[in-house]
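Residue-level structure breakdown
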Amino acid sequence: MAVITPGDASARRQSPPLRLLAARKARPASAVGTSIVVVFLLVAVLGPALAPYSATEQVFSEARQAPTFSHLFGTDRLGRDVFSRVVIGARDILSLAGLGTALAVFIGLVSGLLSSYIGGWFEELLFRFYDSLLAMPALLLALLLLGTLGPSRNSVLFVITIAYIPIVARVVRSVVLDTKTKDFVAAARMQGESLPYILFREILPSVLPALAVEAALRFSYAIFLVASLGFLGVGVQPPNPDWGLMVSEARTYVSLTPWALYFPAAAISLLIIGINLMADGLKRVLQLES
Amino acid sequence: MTTAALKISDLNVSYQQEGRWFDALRGVSLQIAPGQTYGLVGESGSGKSTLALSVIRFLSENGRVRSGKIELAGRDVMSLTDAELREFWRKCVKLVPQNPLPSLNPSLRIGRQLREAIYPPLNAAGANLKVLELLESVGMADPKRIARAYPHQLSGGMQQRVVIAMALASEPDLLILDEPTTNLDVTTEATILDLIRDLIKDRNTAVLYVSHSLGVVAQICDRVAVLYGGELVEDADVLKLYRKPLHPYTQGLLDSVPRIGQDKTKLQLRPIPGQIPGAELPSGCIFAPRCPLAIEICRSERPKLELPWAGRRVRCHRWQEIADNQADPRQPLKFVTASEVPNAEVETVLKLSEVKKRFAVQRSLSQVLRQEAAKQVRAVDGIDLSIGRGKTLGLVGESGSGKSTLARCIVGLVPRSEGDISLLDIPLARTLSARDKTVLRSLQMVLQSPDEALNPYLRVDQTLRRPLQRLAGLKRQELDQAVVNLLKAVKLSPSYAERLPGQLSGGEKQRVSIARAFASQPDLLLFDESVSALDVSVQAAIVNLLSELQQEHQSSYLFISHDLSVVSYLADEIAVMYLGVITEIGKTQDVLKPPYHPYTEALLSAIPLIDPEAAQEHIRLVGEVPSPVNLPTGCRFHTRCPRFLGKICGTTEPPWQEDESGKRINCHIPLSELKTLQKQAFNFDHEEV
Amino acid sequence: MAKFILRRLGFLLLTLLLTSVIIFLITQLLPGDVARIILGREASEVALQNLRRELGLDRPLLLQYLTWLGNFLSGNWGISFSTGQAIRPFVLERLGNSLMLAELTLLIAVPLSIALGVLGALNEEKLLDNIISVVSLAVVGLPEFVTGLVLIQIFSFRLNVLPASSSIRPGTGFFEALPMLILPAITATLVLLAYIARMTRASVIEELKKPYVRTASLKGLLPRQVIWGHVLRNALLPTITVVAISFGWLISGLIVVENVFNYPGIGRLLTFAIDRRDLPLLQAITLVAVLGFALANLAADLLYAYLNPRIRFD
């Protein structure tokens, strides 16, 4: 009996995991974005070790100083070191947005996976509920919740999670609905596989690429949201070094201490741009674009 | 030969992929005379579509014509400027693509889309008249309505007619038909082929007909070229090519397709081993690694395209020996011919009685308010059949006949609405979850699309381990060996265990699918169009494999396909389905002989036979398959029946009639009368080993 | 098509109903006793009880909800905790201001971003496309309060051509307010621009790959005839939905923009309500915003259905 020998493998399409490595479609901009994100993550991890001063200590004798070597980003009108505040604020915003995103992605994934596979009234009900949440623009929902919960770190965390669960769940659902009609799922069913096996072993891998991109986007929006809430004064409360809050506080005195406004504003912008460029690169590598 | 309309000389085309260039066509030359229909056949990867796109200068972004010359009506196509190219597209060359629906703009009316194609341009009133004229010329009964319609409102066959009309809106020098009937049902394909034949008959247009189907080409072309791996390996007058192929690849293609009437007990298919060359070409003849006649020179020296005699070209070192019958270009036979299972005392494996499946159609709000009952799609509407141990039942019918739904009801992927199914006398539950493991083990299905049947993220061994572990009940330490055994059984090397589906070819994927289904050694296997998506040479290998595995395991098959030639080759019995019911059922050789059910007769006479000289009855079905929501009363087939008897067909359900061989036909016309009315749909006395 | 519209309308009503339940539950159930918020920390238990009865807070939840919804629908939006005035005229006036700003924003953002998206798609992966897409990726990253403040620095403080504050007086007409609307509108435009442009680009690129584009080209049509007569007709259909979705972004964006520019719209009112923990005002603003978003979606659905023959003739 002749056994067919493996043909020329180079002419064949690469399997999905291999495509991940062949990141030819990514732009240089994506690499820049990823580097920015890495730098911010390092700053967040090292945090207090990098900051020369306390984030909250007010040294009135050194108030309103322009950037110098001892105060890289200058000081604000209360004499706090802006560089230290920005560095320490990085940990705050990244952990808050990161944790909120992680929770939203996890809950969105599990609920989306489960409900879309089971289908029926359970799915109908859950997604009606999600749709109703989505009928409120994210910031509106956030403000409504904060307006009743009262502003605090935990409230912000809760708000991010609630606002982004439905979006993640929808992305998961769209992939699951497509995947569950595939013949390999039918084959698994004919083998009598259990529901958890089908969900996590057969379907989940197909969901992951889209989920990775969505998670990166959600992370960027979460940072956006935290900063916006801080700016509006309903998020993290003073004297915490929240970037949005710092911008809002420095605004009134922009002619006196413009650096106290520009540096945190630049930090927010740079971080979000970095994540967006990275997400875009991820999308191209995973070939999810259009 | 008169001056050629199309002349291609030494054409080389390459594609760039991931920074590397791959040759798609190497040194292809051909000529088409005005009024000639020139067939271009080859399997996927042969470069036939690339050739067609090069001629119209419509290669994708990453494709380049490296060298060579294309002349159409005396003009050098490659040197046209943009403006000239538009002019050239507008009047000299037209393309009828494979899929009509995506080729039509979804948001423009048919009339407007046709008007744009008219050349020479006419004034508004003239153009409108011309549109109606064009639509009428492609056999549209109500051109005014069609002109106002949007593409999605037409059936597939009608859409293809529109696209053909569009191609004829100018008087092109060259008409390229790129697999124009590939996605159509066989009965629709037959009417479209009739139409094409009619339309080109009295035009002086050169036609390039690109197809993977040897049957279609045999039926429609004057001359045929065979492409393999980007090279033209043979071309000849159609009769001569089919009578005496000079290239072993051509011979291999012809031997890969079962002729109707040949069955597995009398003849084996001769698949071509191996697969088409990849990026690294063999140093000699590119077909040498798969060729039964390859000798030293074939492996070292690239053969030239030679001209044995006028009007014939072949690229083979040994054509002379083949022509003189000194060398046999056929692939050797690989296994013992299947033996016929004796009919008496065969154990019944599967038994269906009155199986029905209905899907509810959602009611609109107004229907709910008017308290109308929900409409139902009666996809499967009362099926009785049984399959014996080691036997194969073939199930044929056009799309929408309910054959796939029936298969899904049997395996439990879709719960049936009514009726009983039993496997080895054990009644089967309606849903998969209610069936126990012994049932799952003895009943498996191989699914249709090789691309979707395997999880792209799981390695082959991961895919095969599950059924071995869960259904066959093997222990962990036995699994590795069992996976190797399974791979060997489907003729794949054990190294495939490590691969991901993305690293497999279509045929290899289907082998893994089959291995998975066989893992639990089931008593009954269902195949739902399992070989339809494959190239013919690969398909032949899989068909042989199935027949061999059946011999070995004595498993029973339910083989579903729209392809009657494959079904009739594999099946001991054939059931013909139409709109959810069986219209005819009997032993294969009996179903292929009159008296036929009129539907079977139409199916058989619609098959594009792989023989340009075959005499075939010309019976065509009119109209479309009716919607299963509003089934025709009486006999379901009466709206399209070419042998419509009269009022009774529309009012009364036809009776079952049985002939002396045990074949049963569901028709009002008495068998004796059918017998006198009908001739053999075609001739199939083949003398073969 | 009637079926499609009815189904969409049904979904919309259902979603709105559920959203109103969510809004009601959030504002009623979450920590914080309404009576105590109004009367302050030193209020006596008796006073609290009385107020709760007066506000109907002692009644079953379902009844409270139905009363609240009924009142809202019949135009009785309640009394503000913080100002003691009727909410409806107040909110409607601010809503008018916000709509004025939203209109100007959409007027700039929609044509501009569609043009950029189409331009990017037609030059796919070329320099122009890369510039448009990287720049828009960067712009989408800038929070409104950053872009807004930067614009104020440039146009108000350095160039001194446009006002830094947009606190228009009640009853100001559109043209009179226009100079004060420009900076906030540009800021809000930047929020929408990248999103609409990217979606349009993706949609046009997808459309360009479809076989009917080849059919049209092979008729010998000019590239612009193919683009305008065939491609955009289909590619811009999904853009209708995209614009409707971006309306949600616009609402979020306006909340921040109005605060940056001190613009008296409902976004500014919303932060005011939160500051004062003015629950009836908060509820009313949220409901109005949600209703506006829903109507935008409905309008998009209708337009989409009308322009898409696959739905219109089904």
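Residues numbered from 1 in each chain as written. Chains lettered and ligands numbered in written order. Predicted model: local features only at pLDDT ≥ 70, side-chain atom pairs only at ≥ 80, totals over all residues. Heavy atoms only, no water.

**Considerations on the interface of chain A and chain C**
At the junction of the two partners, chain A supplies 47 residues and chain C supplies 52 residues. The junction of chain A with chain C conceals about 4200 Å² of combined surface from both sides, 72% of it contributed by carbon and sulfur atoms. Inspection of the region where chain A meets chain C yields two salt bridges. When the shortest N-O distance is used, the salt bridge between Arg284(A) and Glu125(C) registers 3.2 Å. (Contact = heavy atoms within 4.5 Å. Buried area = accessible area lost by both parts, 1.4 Å probe. Salt bridge = Lys/Arg side-chain N within 4 Å of Asp/Glu carboxyl O.)

**Description of the sheet that holds strand β19 (residues 556-560) of chain B**
In a beta sheet, neighbouring strands pair by backbone hydrogen bonds and run either parallel or antiparallel. Residue and element names in this part refer to chain B. The strand order β17-β18-β19-β14-β20-β21-β23-β22 describes an open sheet built from eight strands, whose pairing is mixed. Each edge of the open sheet carries a strand with a single partner, namely β17 (443-446) and β22 (656-658). For this sheet the average axis-to-axis angle between neighbouring strands, irrespective of direction, equals 20°. Bridging between β17 and strand β18 (residues 524-528) involves four bridges; their strand directions are parallel. What sits directly across from Met445, in β18, is Leu526. Seen against the sheet, helix α15 (residues 403-411) touches β14 (392-396), β17, β18, β19 and β20 (573-578) and runs at an angle of roughly 145° to β17. Sitting on the sheet, helix α21 (residues 536-553) is in contact with β14, β18 and β19, with an inclination near 160° to β19. (Pairing = 2+ DSSP bridges. Helix = DSSP H or I, 4+ residues; strand = E, 2+ residues; numbered from the N terminus. Axes fitted to C-alpha atoms, helices over the stretch in contact; angles between N-to-C directions.)

**Notes on the sheet that holds strand β7 (residues 174-178) of chain B**
Residue and element names in this part refer to chain B. Strand order in the open sheet made by the seven strands is β6-β7-β8-β3-β9-β10-β11, with mixed pairing throughout. Whereas interior strands pair on both sides, the edge strands pair on one side only; in this sheet they are β6 (93-96) and β11 (313-314). Here β7 runs beside strand β8 (residues 206-211); their pairing, made up of five bridges, is parallel. Across the sheet, Asp178 pairs through a bridge with Val210, a residue of β8. Here helix α8 (residues 186-201) sits on the sheet in contact with β3 (37-41), β7 and β8, set at roughly 160° to β8. Docked against the sheet, helix α11 (residues 248-256) engages β9 (223-228) and β10 (231-237), running at close to 100° with respect to β9.

**Regarding a nonpolar patch on the surface**
All names here are of chain A. Residues Leu114, Ile118, Trp121, Phe122, Leu125 and Leu195 make up a contiguous nonpolar surface patch of roughly 610 Å² in combined accessible area. Every element with two or more residues in the nonpolar patch is listed here: α3 (82-118) and α4 (120-134). With three residues, α4 is the largest single contributor of residues to the nonpolar patch. In this structure, Leu114 sits in helix α3. (Patch = residues over 30% accessible without salt bridge, like charges linked within 9 Å, V, L, I, M, F, W, Y side chains within 5 Å. Areas by Shrake-Rupley, 256 points an atom, 1.4 Å probe, with all protein chains shown as cover.)

**Overview of the nonpolar core**
Leu143(A), Ile223(A), Leu229(A), Trp243(A), Val91(C) and Phe145(C) are the most contacted members of the largest nonpolar core, which totals 144 residues. Looking at this core, the element that brings in the most residues is helix α13 (residues 279-307) of chain C, giving 13 residues. Setting aside its immediate chain neighbours within four residues, Phe145(C) contacts Ala227(A), Ser228(A), Phe231(A), Gly244(A), Val247(A), Ile268(A), Val256(C) and Val260(C). If you look at the next biggest cluster of nonpolar residues, it comprises 72 residues, including Ile110(B), Val216(B), Tyr228(B) and Cys291(B). (Core = buried A, V, L, I, M, F, W, Y, C linked by side-chain atoms within 4.5 Å. Buried < 20%, exposed > 50% of the residue type's maximum accessible area, 1.4 Å probe, protein only.)

**Quick look at the confidence of the model for chain C**
It should be kept in mind that the predicted coordinates are not to be read in detail where pLDDT is low. Residue and element names in this part refer to chain C. Residue-level pLDDT values for chain C average 88, and 97% of them are 70 or greater. Element-level pLDDT for chain C is lowest in helix α2 (residues 34-39), with a mean of 71, against a maximum mean of 94 in helix α9 (residues 211-218). Across the assembled chains, the prediction reports ipTM 0.87 with pTM 0.86. (pLDDT = per-residue confidence, 0-100.)

**Re unusual backbone geometry**
In this chain, Pro238(A) is followed by Pro239(A) through a cis amide linkage whose omega measures 5°. Residue Pro120(B) is reached from Tyr119(B) by a cis peptide bond, and omega for that bond is -5°. Counting through the fold element by element, Pro120(B) comes out in the loop between α4 (110-117) and α5 (124-137). Positive phi outside glycine occurs at Ala73(B), with the angle close to 50°. On the accessibility criterion, Ala73(B) (44% relative accessible area) is partly exposed. The phi dihedral of Glu179(B) falls on the positive side, at around 50°, and the residue is not glycine. Checked against the element boundaries, Glu179(B) lands in the loop between β7 and α8.

**Here's the deal with α4(B)**
Counted residue by residue, α4(B) has six buried out of eight residues, so it is predominantly covered. For α4(B), the complete set of buried residues consists of Ile110(B), Gly111(B), Gln113(B), Leu114(B), Glu116(B) and Ala117(B). On its buried face, α4(B) sits against α5, α6 (143-148) and α7 (156-167) of chain B together with α10 (223-235) of chain C.

**Points about the packing of α4(B) against α7(B)**
Residues and elements named next belong to chain B. Remark: α4 packs on α7, axes separated minimally by 8 Å, with the N-to-C direction vectors making an angle of 25°. Comparing the axis directions of α4 and α7 gives the class roughly parallel. Contact residues: Ile110, Gln113, Leu114 and Ala117 in α4; Val162, Ala165 and Met166 in α7. Residue composition of the contact of α4 with α7, grouped by class: six nonpolar, one polar and no charged. (Parallel < 35°, antiparallel > 145°, perpendicular 65-115°, else oblique. Nonpolar A, V, L, I, M, F, W, Y, C, P; charged D, E, K, R; others polar.)

**Description of the pairing of strand β21 (residues 581-587) of chain B**
Each regular strand carries side chains that alternate between the two faces of the sheet. Residue and element names in this part refer to chain B. In terms of residue burial, β21 counts as a mostly covered element, since six of its seven residues are buried. Of the strand pairs in this sheet, β20 and β21 are connected by six bridges, and their pairing is antiparallel. Following the sheet pairing, Glu573 is matched in β21 by Lys587. Remark: two residues form the turn of the hairpin made by β20 and β21, two consecutive strands paired antiparallel; Leu579 in that turn has positive phi of roughly 45°. When β21 meets strand β23 (residues 664-666), the two strands line up antiparallel, connected through two bridges. By the bridge assignment, Glu584 is partnered in β23 with Ile665.

**Section: the pattern of salt bridges**
In the structure shown here, the tally under the stated rule is 53 salt bridges over all chains. Between Glu249(A) and Arg85(A) there is a salt bridge whose closest N-O contact spans 4.0 Å. Residue Glu249(A) is found in helix α9 (residues 243-251), and its partner Arg85(A) is found in helix α3; the two are separated by 164 residues along the sequence. Taking relative accessible area as the criterion, Glu249(A) reaches 27% and is therefore assigned partly exposed. Here Arg284(A) and Asp280(A) are joined by a salt bridge, their closest N and O atoms 3.4 Å apart. One end of the pair is Arg284(A) and the other is Asp280(A), both in helix α10 (residues 258-285) and four residues apart, which spans about a single turn. Connected via shared salt-bridge partners are Asp280(A), Arg284(A), Glu125(C), Asp129(C), Arg198(C) and Arg201(C).

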